[in-house]
Amino acid sequence: FQMVNNAEKQGLIKPGDTLVCPSSGNTGTGVALASVVKGYNLQVLYPKKFPEDKAKMMKALGAKVYKSAVGVFPRSEESDVGMGVALRNSPGLHTIEQFYDPGNAQAHIENTGPEIWEQTKGKV
């Protein structure tokens, strides 16, 4: 949710826009949930080795799911990340770039980290 919230605050997206999310799993799931709640269309780009059950779940949440090549350079146009970069400047599309978006780290600093610390009673 953090990366979507930040993009909204920056005026980069508005409900009805299409989010593009290169993902190999959990980030795509989180963005799919945020898209449903906040009224965005979603295209998820994932490697062919991606578990089919996650793809089915994202489709059930309304996402369009596209498979990318496996074993290619991460920034090549055939990779999930490369496909997202290629779509970055398309009108009405906004690419959620988990590896480059500071909001991704921010979410872990503000939420995930403290949750893990609390649940493990500081024994990490």
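Calculation rules
- Residues numbered from 1 in each chain as written.
- Predicted model: local features only at pLDDT ≥ 70, side-chain atom pairs only at ≥ 80, totals over all residues.
- Heavy atoms only, no water.
- pLDDT = per-residue confidence, 0-100.
- Helix = DSSP H or I, 4+ residues; strand = E, 2+ residues; numbered from the N terminus.
- Pairing = 2+ DSSP bridges.
- Axes fitted to C-alpha atoms, helices over the stretch in contact; angles between N-to-C directions.
- Contact = heavy atoms within 4.5 Å.
- Expected span 1.5 Å × (residues − 1).
- Bend = angle between axes of the 7 residues up to and from the residue.
- Buried < 20%, exposed > 50% of the residue type's maximum accessible area, 1.4 Å probe, protein only.

Regarding the confidence of the model for the protein chain
Part 1: Looking at the protein chain as a whole, the pLDDT averages 80, with 81% of positions reaching at least 70.
Part 2: Per-element confidence in the protein chain is highest for helix 1 (residues 2–9), whose mean pLDDT is 89, and lowest for helix 4 (residues 80–87), whose mean pLDDT is 57.

So, the sheet that holds strand 4 (residues 93–95)
Part 1: Strand order in this open sheet of four strands is 3-2-1-4, and the pairing throughout is parallel. Every other strand in the sheet has two partners, leaving strand 3 (64–68) and strand 4 as the edge strands with one partner each. With strand direction ignored, the average angle separating the axes of adjacent strands in the sheet is 20 degrees.
Part 2: Note that strand 2 (residues 41–47) and strand 3 share five bridges and pair parallel. Of the residues in strand 3, the one forming a bridge with Leu45 is Tyr66.
Part 3: Along the sheet face, helix 3 (residues 52–60) touches strand 2 and strand 3 and points at about 150 degrees away from the line of strand 3.

A short note on helix 5 (residues 102–119)
Count 3.6 residues to each turn of an α-helix, and residues three or four apart come out pointing the same way.
Part 1: In this model helix 5 runs 25 Å from its N-terminal to its C-terminal C-alpha over 18 residues, within 8% of the 26 Å that 1.5 Å per residue would give.
Part 2: Its maximal kink placed at Ile109, helix 5 deviates by approximately 40 degrees.
Part 3: Buried residues of helix 5: Gly103, Asn104 and Ala107, and no others.
Part 4: Lys121, located one to two residues past helix 5, shows a positive phi value of around 55 degrees.

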